[in-house]
Amino acid sequence: MAENERQQRVPSVIVDDVHVTYLVIGSKGGAVRARKNDSRWKRLLRKGAKLSGAGKTEIHAVKGVSFTAYDGEVIGILGTNGSGKSTLLRAICGLQPVSQGRVYMKGKASLMGVGAALMKNLTGERNIMMGCLAMGMSPREVRAKFKEIVRFSEIGDAVYLPMSTYSHGMAARLRFAISTAMTPDVLVIDEALATGDAAFKQKSRRRIAEIQEAAGTIFVVSHSARTIQSMCTRAIWLDQGEIRMDGPADAVAKEYRAHMTTIRAERRRRRRERRARRLAEEARLEAEQPGT
Ligand SMILES: Nc1ncnc2c1ncn2[C@@H]1O[C@H](COP(=O)(O)OP(=O)(O)OP(=O)(O)O)[C@@H](O)[C@H]1O
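Residues numbered from 1 in each chain as written. Predicted model: local features only at pLDDT ≥ 70, side-chain atom pairs only at ≥ 80, totals over all residues. Heavy atoms only, no water.

**What about the overall build of the protein?**
Argument step 1. Along the backbone of the protein there are 10 helices and 10 strands.
Argument step 2. Taking the intrachain contacts of the protein between residues at least 6 apart in sequence as the baseline, contacts between residues at least 24 apart amount to 71%. (Helix = DSSP H or I, 4+ residues; strand = E, 2+ residues; numbered from the N terminus. Contact = heavy atoms within 4.5 Å.)

This is the structure we're talking about:
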């Protein structure tokens with residue numbers, strides 16, 4: 001990239017050597033020892049979790065992540081389950097305390113999928129009010145935006161019904177409409193684009209483009225390299241809490257896909273080997289049976 005182009009870019013988020021460690025409390029030493037033999041816990045331990053005899057488990061979910069995001073960038077965060085994507089984005093939004101490092105932010109971040117803030121037993125109308133207030137809008141601003149939010153979410157009169165009566169798609173559309181009601185400096189979208197029909201996806205992409213044009217920065221989390229490739233200008237691949245690759249979305253998505261293909265082939269190979277071993281063992285036992 002040319003030096004003057006680099007100088008013109010305006011940083012919106014600086015993530016500086018960020019670590020996030022979860023402390024899970026509530027198991028006694030014996031239970032901890034028992035969990036060491038549990039395959040799920042073995043997986044966690046491989047990812048950096050530490051078991052302590054005092055009934056505490058430390059999960060080092062994000063390990064020294066550093067990068068600078070710029071205005072106008074749409075950054076995809078890629079990674080397998082448990083690689084730390086959501087944790088990192090929650091830390092960027094200030095919703096997750098970091099155990100080390102810092103996040104510097106120009107302006108305000110809005111985490112799309114204000115799921116935590118929305119309440120199922122309240123109507124869509126009340127949730128629009130609460131969700132927008134939580135994002136820092138004034139009651140007057142919310143009232144002014146109300147119709148637009150309902151129109152965008154396509155839920156019609158259901159806005160006056162409790163959210164518990166909504167389909168998954170209706171709830172997801174309302175969340176998207178609320179979280180993009182104002183143009184945030186930094187918009188964080190966690191897996192939300194997977195929901196909704198093709199037309200709504202198209203509409204949400206247009207809205208994202210509008211935010212991008214308003215010189216904001218957008219982060220998109222997805223398991224799908226294809227989504228990241230089609231929507232993002234840049235991608236960061238997280239692997240076990242660390243950055244494995246950071247670069248143009250096309251290049252990162254391509255590498256990630258190749259890596260996943262290798263992993264899947266390796267899993268298939270191991271499954272075949274396990275099956276062959278089991279069949280061989282069964283055949284051996286059968287051959288040892290008296291009278292066979
Ligand atoms: N609230 C929590 N308490 C304890 N551990 C957590 C918590 N949230 C996440 N973790 C652990 O932190 C690690 C990273 O999780 P995170 O949800 O950030 O990953 P992810 O890449 O977003 O996963 P997914 O794609 O499955 O949503 C995982 O090992 C997970 O078990």
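Still more ground to cover, so stick around.
**Looking at the site of the ligand**
Argument step 1. Looking at the ligand, there are 14 residues lining it, with G82, K85, S86, T87 and H223 nearest.
Argument step 2. Within the side chain of Y22, one N or O atom sits 3.5 Å away from a nitrogen atom of the ligand.
Argument step 3. The protein chains hide 66% of the 630 Å² of surface that the ligand would expose on its own.
Argument step 4. Elements that contribute at least two residues to the shell around the ligand include exactly β1 (11-25), β3 (56-70) and α4 (85-92).
Argument step 5. Among the elements that make up the shell around the ligand, the one with the highest residue count is α4 (three residues). (Near = heavy atom within 4 Å. Polar contact = N/O pair within 3.5 Å; in protein donor to acceptor, adjacent residues only side chain to side chain. Areas by Shrake-Rupley, 256 points an atom, 1.4 Å probe, with all protein chains shown as cover.)

**Quick word on α4**
Argument step 1. In terms of residue burial, α4 counts as a mostly covered element, since six of its eight residues are buried.
Argument step 2. Those residues of α4 that sit buried are K85, T87, L88, L89, A91 and I92.
Argument step 3. Positive phi appears at G94, one or two residues downstream of α4, with a value of about 80°. (Buried < 20%, exposed > 50% of the residue type's maximum accessible area, 1.4 Å probe, protein only.)

**Points about the packing of helix α5 (residues 124-134) against helix α6 (residues 139-153)**
Argument step 1. Two elements in contact, α5 and α6, have axes separated by 10 Å at closest approach and are oriented at 125°. What the angle tells us is that α5 and α6 run oblique. The hand of the α5/α6 crossing is right-handed. Residues E125, I128, M129, C132 and L133 of α5 pack against P139, V142, R143, F146, I149 and V150 of α6.
Argument step 2. Its residues assigned to classes, the contact of α5 with α6 shows nine nonpolar, no polar and two charged. (Axes fitted to C-alpha atoms, helices over the stretch in contact; angles between N-to-C directions. Parallel < 35°, antiparallel > 145°, perpendicular 65-115°, else oblique. Left-handed = near helix turned anticlockwise from the far one by under 90°. Nonpolar A, V, L, I, M, F, W, Y, C, P; charged D, E, K, R; others polar.)

**Some thoughts on a positive patch on the surface**
Argument step 1. On the surface, R264, R267, R268, R271, R272, R274, R275, R277 and R278 cluster together into a positively charged patch.
Argument step 2. Looking at the secondary structure, you find R278 in helix α10 (residues 249-288).
Argument step 3. The class of R278 is partly exposed, set by a relative accessible area of 47%. (Patch = residues over 30% accessible without salt bridge, like charges linked within 9 Å, V, L, I, M, F, W, Y side chains within 5 Å. Salt bridge = Lys/Arg side-chain N within 4 Å of Asp/Glu carboxyl O. Lys, Arg positive; Asp, Glu negative; His and termini not counted. Charge placed at Lys NZ, Arg CZ, Asp CG, Glu CD.)

**Side note on the packing of aromatic side chains**
Argument step 1. A full pass over the atoms with the stated rule returns three aromatic pairs.
Argument step 2. Pairing F152 with F176 gives two aromatic rings, centres 5.8 Å apart and planes at 10°, and the pair type is stacked. Remark: F176 occurs in helix α7 (residues 168-179) and F152 occurs in helix α6; sequence separation between them is 24 residues.
Argument step 3. When its relative accessible area of 17% is taken as the criterion, F152 is described as buried.
Argument step 4. Relative accessible area serves as the criterion here: at 2%, F176 is assigned to the buried category.
Argument step 5. Taken together, a centroid distance of 5.3 Å and an interplanar angle of 90° make the contact between W237 and Y256 edge-to-face. Taken together, the residues W237 in strand β9 (residues 234-239) and Y256 in helix α10 connect sequence positions 19 residues apart. We note that W237, like Y256, is buried.
Argument step 6. The side chain of R9 reaches across the aromatic face of Y70, ending 3.8 Å from its centre. (Phe/Tyr/Trp six-rings, centres within 6.5 Å; stacked < 30°, edge-to-face > 60°. Lys NZ or Arg CZ within 6 Å of the ring centre and 35° of its normal.)

**Here's the deal with the side chain of H19**
Argument step 1. On the secondary structure map, H19 appears in strand β1.
Argument step 2. Within the structure, the side chain of H19 is placed 2.9 Å from the side chain of H60, a separation counted as a polar contact.
Argument step 3. When near neighbours in sequence (up to four residues on either side) are disregarded, H19 contacts H60, V62, K63, G64, V98, S99 and Q100.

**Here we look at the pairing of strand β4 (residues 74-78)**
Argument step 1. Along β4, five of the five residues are buried, which leaves the element largely enclosed by surrounding structure.
Argument step 2. Here β4 shows two buried faces, one formed by V74, G76 and L78 and the other by I75 and I77.
Argument step 3. Here β4 pairs with strand β8 (residues 217-221) via four bridges, running parallel. Paired with I77 across the strands is V221, a residue of β8.
Argument step 4. Alignment of β4 against β9, held across four bridges, turns out to be parallel. (Pairing = 2+ DSSP bridges.)

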